[in-house]
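Structure assessment
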Amino acid sequence: MLYKELTAVPYMAKFVVFAKMNDSREGRLRCYCMTDDKIDKTLEQHENFTEVARSRDIEVVEGMPLHVELSGNLVPVKKAAQPRTFLFQSFRENRLAIPIKVTAGCGAGLQGAPAPVLVQAA
């Protein structure tokens, strides 16, 4: 296990969060981990999602589990088969869709793990 961790190839990636509201209280977030800067070629751009946040470059390795947590007035819509974790795979689509509800109040947060990176929506 230690050997596998020490020989893992690191990749520099950015996390981009897209949003699309169905109405004033419900919508969808898509967290996209990209290893290139071709944001204009993403599926979200063609489906009229709006970019709401972007991280700085973060080092990730192949097979690294990534978990997303919501806070503030963003509440995930509970679905039995809706995980908020995915494994990073190099040169593949690394996307996580999260249906959300917006509650009363102001301020929202999205945090990724294992290395906590807080991405604040503008």
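Residues numbered from 1 in each chain as written. Predicted model: local features only at pLDDT ≥ 70, side-chain atom pairs only at ≥ 80, totals over all residues. Heavy atoms only, no water.

**What about the overall build of the chain?**
What counts here: Helical segments are the DSSP runs of H or I of at least four residues, strand segments are the runs of E of at least two, and each set is numbered from the N terminus. The buried label applies to any residue whose accessible area, calculated with a 1.4 Å probe on protein chains only, is under 20% of its type's maximum; exposed applies above 50%, and partly exposed to all values in between. The contact criterion used throughout is that any non-hydrogen atoms of two residues lie within 4.5 Å. In this description, accessible areas are obtained by the Shrake-Rupley approach with a 1.4 Å probe, and a residue is regarded as covered only by the protein chains that are shown.
Helix and strand counts for the chain come out as 2 helices and 10 strands. Element order for the chain, N to C, with α for helix and β for strand: α-β-β-α-β-β-β-β-β-β-β-β. Buried residues in the chain amount to 35% of all 122 residues. A separation threshold of at least 6 residues defines the contact pool for the chain, and within that pool the share at least 24 residues apart is 65%. Per element, the accessible surface of the chain, about 7800 Å² overall, is 56% carbon and sulfur.

**Observations regarding the pairing of strand β4 (residues 58-61)**
Applicable threshold: At least two DSSP bridges between two strands are required for those strands to pair.
Residue alternation in β4 divides its side chains into a buried set, Ile58 and Val60, and an unburied set, Glu59 and Val61. Inspection of the sheet shows strand β1 (residues 10-21) paired to β4 by 4 bridges, in the antiparallel sense. Bridged to Tyr11 within β4 is Val60.

**Comments concerning the pairing of strand β2 (residues 26-34)**
When you tally the buried positions in β2, you get 7 out of 9 residues, the bulk of the element. Between β1 and β2, which pair antiparallel and follow one another directly, the connecting turn spans 4 residues. Pairing of β2 with strand β8 (residues 94-102), which is carried by 8 bridges, proceeds in the antiparallel orientation. Bridge pairing in β8 links Tyr32 to Arg95.

**What to know about the side chain of Lys14**
To be explicit about the condition: Here a polar contact means two N or O atoms within 3.5 Å. Within protein one must be a hydrogen donor candidate and the other an acceptor candidate, and residues neighboring in sequence count only if both atoms are side-chain atoms.
You can see Lys14 is positioned in strand β1. For Lys14, a relative accessible area of 17% gives the class buried. A polar contact is formed between the side chain of Lys14 and the side chain of Asp57, at a distance of 3.1 Å.

**Looking at the nonpolar core**
As a reminder, the rule being used: In plain words, nonpolar cores are sets of buried Ala, Val, Leu, Ile, Met, Phe, Trp, Tyr and Cys residues tied together by side-chain atoms within 4.5 Å.
Core analysis: the largest hydrophobic core is formed by 21 residues, its most contacted members being Leu29, Val60, Leu66, Ile98 and Ile100. Those elements giving two or more residues to this core turn out to be β1, β2, β4, β5 (65-72) and β8. In terms of nonpolar packing, the next biggest core, distinct from the first, is built from 6 residues, Phe18, Tyr32, Met34 and Phe49 among them.

**Side note on the confidence of the model for the chain**
Stated precisely, the cut-off is as follows: How sure the predictor is of each residue is captured by pLDDT, a score from 0 to 100.
Mean pLDDT over the chain stands at 78; residues scoring 70 or higher make up 80%. The least confident element of the chain, judged by mean pLDDT, is strand β10 (residues 117-120) at 48; the most confident is β1 at 89.

**Here's the deal with the side chain of Arg30**
Here Arg30 lies in strand β2. Since its relative accessible area comes to 13%, Arg30 is described here as buried. Side-chain polar atoms of Arg30 contact the side chain of Glu47, separated by 2.8 Å.

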